[in-house]
There are 2 protein chains.
Amino acid sequence: MTRMHKENSLSKNQQIIFDLIDKSPEPLKAYTILYNVQKKGINAPPQVYRALDKLVEVGKIHKIESKNAFVACKNSDCEISKATAFSICESCEVVDEISDIKLSKYLSSFNHKKGMKFKRFNLEFFGLCKKCK
Amino acid sequence: MTRMHKENSLSKNQQIIFDLIDKSPEPLKAYTILYNVQKKGINAPPQVYRALDKLVEVGKIHKIESKNAFVACKNSDCEISKATAFSICESCEVVDEISDIKLSKYLSSFNHKKGMKFKRFNLEFFGLCKKCK
DNA sequence: TTACATGCTGTTATATTATAACAATTCTAA
DNA sequence: TTAGAATTGTTATAATATAACAGCATGTAA
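What counts, and at which threshold
Residues numbered from 1 in each chain as written. Chains lettered and ligands numbered in written order. Predicted model: local features only at pLDDT ≥ 70, side-chain atom pairs only at ≥ 80, totals over all residues. Heavy atoms only, no water. Least-squares fit on C-alpha atoms with pLDDT ≥ 70 in both. Contact = heavy atoms within 4.5 Å. Axes fitted to C-alpha atoms, helices over the stretch in contact; angles between N-to-C directions. Helix = DSSP H or I, 4+ residues; strand = E, 2+ residues; numbered from the N terminus. Parallel < 35°, antiparallel > 145°, perpendicular 65-115°, else oblique. Left-handed = near helix turned anticlockwise from the far one by under 90°. Nonpolar A, V, L, I, M, F, W, Y, C, P; charged D, E, K, R; others polar. Pairing = 2+ DSSP bridges. Buried area = accessible area lost by both parts, 1.4 Å probe. Salt bridge = Lys/Arg side-chain N within 4 Å of Asp/Glu carboxyl O. Polar contact = N/O pair within 3.5 Å; in protein donor to acceptor, adjacent residues only side chain to side chain.

## Regarding the relation of the copies chain B and chain A
Then comes step 1: Mapping chain B onto chain A calls for a rotation angle of 180° and an axial translation of 0.0 Å; the resulting RMSD is 0.0 Å. Seen this way, the second copy is the image of the first under a two-fold rotation axis. Minimal C-alpha separation from the rotation axis in chain B is found for L123 of chain B, amounting to 2.1 Å.
Then comes step 2: Both copies share a contact surface, since 100% of the interface residues of chain B are interface residues in chain A too.

## Observations concerning the packing of helix α1 (residues 12-23) of chain A against helix α2 (residues 30-37) of chain A
Residue and element names in this part refer to chain A.
Then comes step 1: Contact pair α1 / α2: the axes reach a minimum separation of 11 Å and the direction vectors enclose 115°. Compared by their axis directions, α1 and α2 come out roughly perpendicular. When you trace α1 past α2, the crossing you get is right-handed. Together, I16, I17, L20 and I21 of α1 and I33, N36 and V37 of α2 make up the contact between the two elements.
Then comes step 2: Class assignment for the residues of the contact of α1 with α2 results in 6 nonpolar, 1 polar and no charged.

## What to know about the sheet that holds strand β3 (residues 83-89) of chain B
Then comes step 1: The strand order across the open sheet built from 6 strands is β4(A)-β3(A)-β5(A)-β5(B)-β3(B)-β4(B), with neighbouring strands paired in mixed fashion. The open sheet has two edge strands, β4 (95-97) of chain A together with β4 (95-97) of chain B, and neither has a second partner. Here the average twist between neighbouring strands, direction ignored, is 20°.
Then comes step 2: Judged from the 7 bridges that link them, strand β3 (residues 83-89) of chain A and strand β5 (residues 117-128) of chain A form a sheet pairing that is parallel. The residue of β5 of chain A that forms the bridge with I88 of chain A is F126 of chain A.
Then comes step 3: Contacts between helix α4 (residues 101-108) of chain A and the sheet are confined to β3 and β5 of chain A together with β5 (117-128) of chain B, with β5 of chain A contributing the most and set at about 135° to the helix.
Then comes step 4: Contacts from helix α4 (residues 101-108) of chain B reach β5 of chain A together with β3 and β5 of chain B within the one sheet, and its direction differs from that of β5 of chain B by about 135°.

## Notes on the interface of chain B and chain A
Then comes step 1: If you look at the interface, chain B gives 35 residues, while chain A gives 35 residues.
Then comes step 2: Carbon and sulfur atoms make up 58% of the area that chain B and chain A hide from each other, which totals about 3,300 Å².
Then comes step 3: Summed over the shared surface of chain B and chain A, the number is 4 salt bridges.
Then comes step 4: Where R120 of chain A meets E90 of chain B, a salt bridge forms, and the shortest distance between an N and an O atom there is 3.4 Å.
Then comes step 5: Run the count over chain B and chain A and you get 11 residue pairs in polar contact (both at pLDDT 80 or more).
Then comes step 6: Those elements giving two or more residues to the side of chain B that touches chain A turn out to be β3, α4 and β5 of chain B.

These values are about where atoms sit, not about what they do.
Have a look at this one:
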């Protein structure tokens, strides 16, 4: 049998759901994912949400909070999702992960006056993409 | 000015809901708001969500996307919610609006390589606050 | 070997968050 | 005063997410 617990390997459901998200050109919502994997034997919301939680935890996908949707990580720099940034077109809804070292460094070293030490951040930019403006 | 609307005043429901959020030390969720304003005659979710939508639109409150909760704007600089940043304690869940001109300017002038022109952004930092660390 | 801890799976039911659709009323500008 | 816009009230339902329970597979320790 396959080894389930190696650090780099995904379980069956995790792999199915990651593959779907990874090949999607747009962020996918949990129930859209569910409908698309029911033919593979994933029948119920908790199965989807558990896989999503794990994939987020290990940094394979990110959640776009303003859309309740998930995208595959395209960025080797955002180790375990500590520093994520996205651009979101308000018209066509296209989402791109921003990978900008300077931005990432700037924000990672940002310190709040009130003495809070940040462990991670999520940044979402909104506007009109090239095609839509 | 062609139109002298009631640009600065809130309707009854909007005012009730804004007051509740404004005096809360923590972000409030829509249904928490609903339970707390039922004694004032606001009975159903759409009434709450409509007021929230409007308050967000005019910049009196912000939505904390990662928590599906709302806070009053404490910051005269984020005109109509075009540039919002928050710090969120992962332990006690305290949320602070960050008002940092340099940060705001830096992000407002950030330009995506792919030619997208940004109209607004929302940034959420996570960590442990002074008390919790 | 047995026992146990851990992680993944499957399932039913339910909780939480948000909107659709429609009618009535109030406010505002001309 | 009157038309259009904004707001309100209401019922129903859609969309998003989790609780709670049980079973199975694998790795590790005794």
